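What follows is the residue order along each chain.
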Amino acid sequence: MDNFYSRQARIDALAQHLPDPSLRSALAGIDHDDWPDYAPTMIVPGLFQGGTEDDDVLSVPGSDFALRGDYPFDTVVTLYASAQPVPWGVEELRFGFLDAALDGEDVDGVLRAGRFAHQRWADGAEVMIRCQAGMNRSGLVTALVLILAGLTPGQAISLIRQQRGQACLFNKHFVTWLMNHAEVALDLRSPSAA
């Protein structure tokens, strides 16, 4: 479903925006056939993970007044600062951060986004979590929602990769943080039990 750029052009464009050379290297090692489309993927009923189409960014003029219409989501968590806003009548939380190692400020925002998405999903909303490519930042926050729902970090990562594609969460910084720190940061486990 490549509609604006070829899959390889999207991968090349993403690589230019990755600040960490190790992430660029990891990206180069991904099987391009396992690269998910931007379209949202259902991870579990009511919880979706996706990306942002190349022409759905702020630098490309869009509609100034888009009503909800048949938009399928009640709530969207947007983690890519350049993404166009969702239609009117759709709840949106926006927190843009880099696809890189997490620092203190970003951790707080990521936790807030994960808790928000989990609460809205638990309340019965159809929730989509999106970033640029729909792989790392959205995968990180989707994993937090799943961890809050009772999965272990390893189970959450495996489920995301099973549903959306094995290339998801190729950012090893995010995976390490999820495995070693997420449960403590979410107050699901005490630091002494870590």
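Residues numbered from 1 in each chain as written. Predicted model: local features only at pLDDT ≥ 70, side-chain atom pairs only at ≥ 80, totals over all residues. Heavy atoms only, no water.

## Thoughts on unusual backbone geometry
- Positive phi is not limited to glycine here, since Leu-169 has a value of about 60 degrees.
- Examined against the element boundaries, Leu-169 turns out to sit in the loop between α5 (153-164) and α6 (172-185).
- The class of Leu-169 is buried, set by a relative accessible area of 0%.
- A positive phi angle, near 60 degrees, is found at Asp-187, a position not held by glycine.
- Mapped onto the secondary structure, Asp-187 falls in the segment after α6. (Helix = DSSP H or I, 4+ residues; strand = E, 2+ residues; numbered from the N terminus. Buried < 20%, exposed > 50% of the residue type's maximum accessible area, 1.4 Å probe, protein only.)

## Digging into the pairing of strand β5 (residues 127-130)
- Side chains of β5 alternate between two faces, with Val-127 and Ile-129 and Met-128 and Arg-130 buried alike.
- Of the strand pairs in this sheet, strand β2 (residues 47-50) and β5 are connected by four bridges, and their pairing is parallel. Directly across from Leu-47, in β5, lies its bridge partner Val-127.
- In the sheet, strand β3 (residues 75-78) pairs with β5 via four bridges, with the strands oriented parallel. (Pairing = 2+ DSSP bridges.)

## Regarding helix α4 (residues 137-148)
- Taking 1.5 Å per residue as the helical rise, α4 with its twelve residues ought to reach 16 Å, and the 17 Å between its terminal C-alpha atoms agrees with that figure.
- Within α4, eleven of the twelve residues are buried, leaving the element largely enclosed by the surrounding structure.
- Among all positions in α4, only Arg-137, Ser-138, Gly-139, Leu-140, Val-141, Thr-142, Ala-143, Leu-144, Val-145, Leu-146 and Ile-147 are buried.
- Looking at the residues trailing α4, positive phi occurs at Gly-150, about 115 degrees. (Expected span 1.5 Å × (residues − 1).)

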